[in-house]
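Architecture and fold: a report
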Amino acid sequence: GFLTRAKWLYNDIKRSHLLRTLYSEHSPFKDFPLVVCGHSLGAGVASLLSIMLHPSFPSLKAFGYCPPGAVVDDGMATYCEGFITCIARQDDLSKCP
């Protein structure tokens, strides 16, 4: 599920050269930070995609709204604390990512 879709998106982004184009020297967007976001199940995919993109884009920020729990283990969740923010509503139980 989540990992399959995140890998598909990652490969599609790489194949299309989307980020290389957006962050090229002549792009008007080159100084904007890369932000990835998702809601609910998409927040799980956004979290995994962000983990894949983070090595190439260390200033990347990700936001997950009402994400599912247990997408990654505790060690990976600790690694992601600096660039992934998850938001849950009221008494929703969720560990980021």
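Everything that follows concerns the structure shown earlier in this document.
Scope of this entry: the structure provided in the associated data block. Bear in mind that the values here come from a model prediction, so they are computed numbers and not experimental data.

Scanning all chains against the criterion turns up two salt bridges. Note that Asp12 is salt-bridged to Arg15, the shortest N-O span being 3.5 Å. On the criterion of helical spacing, the pair formed by Asp12 and Arg15 is a turn pair, its members being three residues apart in helix H1 (residues 2-16). Residue classification places Asp12 among the partly exposed positions, given a relative accessible area of 30%. The shortest N-O distance in the salt bridge between Lys30 and Glu25 comes to 3.9 Å.

What follows covers H1. Taking 1.5 Å of rise per residue, 15 residues should cover 21 Å, and H1 covers 21 Å from first to last C-alpha, within 8% of that figure. Once H1 finishes, His17 follows within two positions and takes phi at roughly 60 degrees, a positive value.

Okay, the sheet that holds strand S1 (residues 35-39) next. Here three strands make up an open sheet; going across it, the order is S1-S2-S3 and the pairing parallel. In the strand order of this sheet, the two ends are held by S1 and strand S3 (84-87), each with one partner. Neighbouring strand axes in the sheet, compared pairwise and without regard to direction, differ in orientation by 15 degrees on average. Where S1 lies against strand S2 (residues 61-65), five bridges are found, and the strand directions are parallel. Residue pairing in the sheet places Val36 in a bridge with Ala62 of S2.

Moving on to the side chain of Ser47. Position of Ser47 relative to the elements: it lies in helix H3 (residues 41-53). Look at Ser47 and you get buried, because its relative accessible area is 2%.

A few words on H3. For H3, with 13 residues, the first-to-last C-alpha span of 19 Å sits near the 18 Å given by 1.5 Å per residue. Of all the 13 residues making up H3, ten are buried; the element is thus mostly covered by neighbouring parts of the structure. For H3, the set of buried residues is Ala43, Gly44, Val45, Ala46, Ser47, Leu48, Leu49, Ser50, Ile51 and Leu53. Structurally, H3 contributes buried residues whose contacts are with H1, helix H2 (18-22), S1, S2, helix H4 (74-80) and S3.

The rules behind these values
- Here, residues in each chain are numbered from 1, in the same order as that chain's written sequence.
- Thresholds applied to this predicted model are a pLDDT of at least 70 for local features of residues and 80 or more for the giving and counting of side-chain atom pairs; totals over whole chains, interfaces and linings are not thresholded and use all residues.
- Neither water nor hydrogens contribute to the side-chain values; these are computed over all heavy atoms in the structure.
- Salt bridge, as applied in this entry: a Lys or Arg side-chain nitrogen positioned within 4 Å of an Asp or Glu carboxyl oxygen.
- Numbering of helices and strands runs from the N terminus, with a helix taken as a DSSP run of H or I at least four residues long and a strand as a DSSP run of E at least two residues long.
- Relative accessible area decides the class of each residue, using a 1.4 Å probe on protein chains only: under 20% of the type maximum gives buried, over 50% gives exposed, and in between gives partly exposed.
- Residue count minus one, scaled by 1.5 Å, sets the expected span of a helix.
- For two strands to be treated as a pair, DSSP must find at least two bridges joining them.
- Here the axes come from fitting lines to C-alpha atoms, over the contacting stretch only for helices, and the angles between their N-to-C directions go from 0 to 180 degrees.
- Residue contacts follow a heavy-atom distance rule, with two residues in contact if any of their heavy atoms lie within 4.5 Å.

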